[in-house]
Amino acid sequence: MIAPSAPLHDVPSQSNLSWSAVSRLIRLRNQTGTWLLLLPTLWSLILAARGIPPWSLIVIFSLGSFLMRSAGVVLNDLADRRFDRHVTRTQHRPLASGELRPWHAVVVVGILLAGAALLVLSLNSFTIMLSPIALLLAGLYPFAKRVVQIPQAMLGIAFGWGTIMAWAASHGTIEDPAWLVFVATACWAVGYDTIYALQDREDDERIGVKSSALFFRTSAWLAVGVSFTVMVALLGLAGWLTQIGWFFYAVLAGVSLYCATQALKLRNPVAPLPAFDMFRRHVWVGTALLAGLLGGFLI
């Protein structure tokens, strides 16, 4: 295991807080993570409303997803900056390379969280009470990979909490379908993030970082398949409890088949670029489910 404090390359002696560096820090050009956080939240809003939810909630949770995902990746880079210097895919990130300093990241996170807090304050008191848990989960995830064999589960819990807040914002309470969507989202994240982790399997093993791709190894395809299967089953149950129409189940069947083909592909070694492409396609999986939910209530 390589000591995380040992840099791979020289770190610049001076760093400036520039928009170019900040935009790369928050992954402004790559919003896959924002969509993967937002889409389950929209599922929850639609199920809670039994159709189209209030536009005010759609706007609040859309902006909140962008702000919280951006804050999350900055916290992740801040915690992992010494590890990232030893990973080919991440060694040029602004904090790992020294282009930005840790205090720069703290300033950016503060601004992002302040914006998210203003959005939360426009919601009901019960949702406001739930919001610190979202912050706690976002802060815990970067450290999970040091102690938890499947840190993707922590990511899933963090992403899923948005579904709980969305339901609470809609009804002022948390009902059974909300918990089903929450667990479904967590399982979905374990599946797609295990695929994502395949990119860094060799580097993660070399530096001692834990991931589900390392934990499951040759059984990763099975773990991903089980995760997706549980996700589909729980979403189907949530739909049944909310008396959704046939269109949703038709879409859910199509999503099941697609997820199964992805899991089966993992029986053979997958190179980093195809793994990343498989991961990104889950934005379309989530979008298909969103369309299925809307169609299930409106058709």
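Quick caveat: nothing in here was measured; it's all calculated off a predicted structure.

Secondary structure assignment for the protein chain yields 14 helices and 0 strands. Along the chain direction, N to C, the helices and strands of the protein chain fall in the order α-α-α-α-α-α-α-α-α-α-α-α-α-α. Computed over C-alpha atoms, the radius of gyration of the protein chain comes to 19 Å, within 12% of the 19 Å expected from 2.2 N^0.38 for 299 residues, which places it in the range of a compact globule. Its C-alpha atoms put the protein chain at 60 × 45 × 30 Å along the principal axes.

What follows deals with the confidence of the model for the protein chain. The predicted model of the protein chain has a mean per-residue pLDDT of 93, with 95% of residues at 70 or higher. Segment residues 1-13: pLDDT under 50, and 29 contacts once partners within four positions in sequence are set aside and those in other chains are kept.

The next subject is the pattern of salt bridges. Counting across every chain of the model gives 10 salt bridges. For the salt bridge of arginine 93 with aspartate 77, the shortest nitrogen-to-oxygen distance reads 3.3 Å. Placement of the pair is arginine 93 in the loop between helix H3 (55-84) and helix H4 (94-97) and aspartate 77 in helix H3, with a sequence separation of 16 residues. The class of aspartate 77 is buried, set by a relative accessible area of 1%.

Running from N to C, helix H13 (residues 272-280) and helix H14 (residues 282-298) point in directions that differ by 15 degrees, and their axes come no closer than 4 Å. Here H14 runs roughly parallel to H13, going by the angle between their axes. Residue-level inspection shows Met278, Phe279 and Arg280 of H13 in contact with H14, the latter providing His282, Val283 and Trp284. For the contact of H13 with H14, the residue count by class is 4 nonpolar, 1 polar and 1 charged.

The biggest cluster of nonpolar side chains holds 86 residues, and the ones touching the most others in it are Trp43, Met231 and Leu235. Sort the elements by how many residues they give to this core and helix H8 (residues 176-197) lands first, with 12 residues. Every residue in contact with leucine 235, bar those within four places of it in the chain, is listed here: Trp43, Val181, Ala184, Phe248, Leu252 and Leu289.

What follows concerns helix H11 (residues 220-241). Structural remark: α-helix, 3.6 residues per turn; residues separated by three or four positions point the same way. Between its terminal C-alpha atoms H11 stretches 32 Å, which fits the 32 Å expected from 22 residues at 1.5 Å a residue. At the C-terminal side of H11, glutamine 243 shows a positive phi close to 60 degrees.

A separate point is the state of the cysteines. Applying the stated criterion to the full structure yields 0 disulfides. Left without a disulfide partner, cysteine 187 is nearest to the cysteine sulfur of cysteine 259, which lies 12 Å away. Cysteine 259 gets classed as buried once you look at its relative accessible area, which sits at 3%.

Here the focus is the side chain of threonine 127. Examined against the element boundaries, threonine 127 turns out to sit in helix H6 (residues 125-147). A residue is classified by how much of its surface remains accessible, and threonine 127, at 0% relative accessible area, is buried. At a separation of 3.1 Å, a polar atom in the side chain of threonine 127 contacts the main-chain amide nitrogen of alanine 169. Ignoring anything within four residues of it in the chain, the contact list for threonine 127 reads Met165, Ala168 and Ala169.

A few words on H13. Those residues of H13 not exposed but buried are Ala275, Met278 and Phe279. All buried residues of H13 project into a common sector of 100 degrees when viewed along the axis, lining one side. For H13, the secondary structure elements touched by its buried residues are helix H2 (32-49), H8, helix H12 (246-265) and H14.

Under the counting rule described, the total for this entry stands at 11 aromatic pairs. Arranged with centres 5.1 Å apart and planes meeting at 90 degrees, the rings of tryptophan 188 and tyrosine 192 form a pair that is edge-to-face. You can see tryptophan 188 and its partner tyrosine 192 sitting in helix H8, 4 residues apart, about one turn around the helix. When sorted by exposure, tryptophan 188 lands in the same class as tyrosine 192, which is buried. Measuring from centroid to centroid gives 5.7 Å for tryptophan 246 and phenylalanine 247, while their planes differ by 75 degrees, and the two rings are edge-to-face. With a relative accessible area of 60%, tryptophan 246 lands in the exposed category. By way of ring pairs, the aromatic residues Trp43, Trp188, Tyr192, Tyr196, Phe276 and Phe279 are connected into one cluster.

Rules behind the numbers
- Residues numbered from 1 in each chain as written.
- Predicted model: local features only at pLDDT ≥ 70, side-chain atom pairs only at ≥ 80, totals over all residues.
- Heavy atoms only, no water.
- Helix = DSSP H or I, 4+ residues; strand = E, 2+ residues; numbered from the N terminus.
- Rg over C-alpha atoms; globule rule 2.2 N^0.38 Å.
- pLDDT = per-residue confidence, 0-100.
- Contact = heavy atoms within 4.5 Å.
- Salt bridge = Lys/Arg side-chain N within 4 Å of Asp/Glu carboxyl O.
- Buried < 20%, exposed > 50% of the residue type's maximum accessible area, 1.4 Å probe, protein only.
- Axes fitted to C-alpha atoms, helices over the stretch in contact; angles between N-to-C directions.
- Parallel < 35°, antiparallel > 145°, perpendicular 65-115°, else oblique.
- Nonpolar A, V, L, I, M, F, W, Y, C, P; charged D, E, K, R; others polar.
- Core = buried A, V, L, I, M, F, W, Y, C linked by side-chain atoms within 4.5 Å.
- Expected span 1.5 Å × (residues − 1).
- Disulfide = S-S within 2.5 Å.
- Polar contact = N/O pair within 3.5 Å; in protein donor to acceptor, adjacent residues only side chain to side chain.
- Arc of directions from axis to C-beta.
- Phe/Tyr/Trp six-rings, centres within 6.5 Å; stacked < 30°, edge-to-face > 60°.

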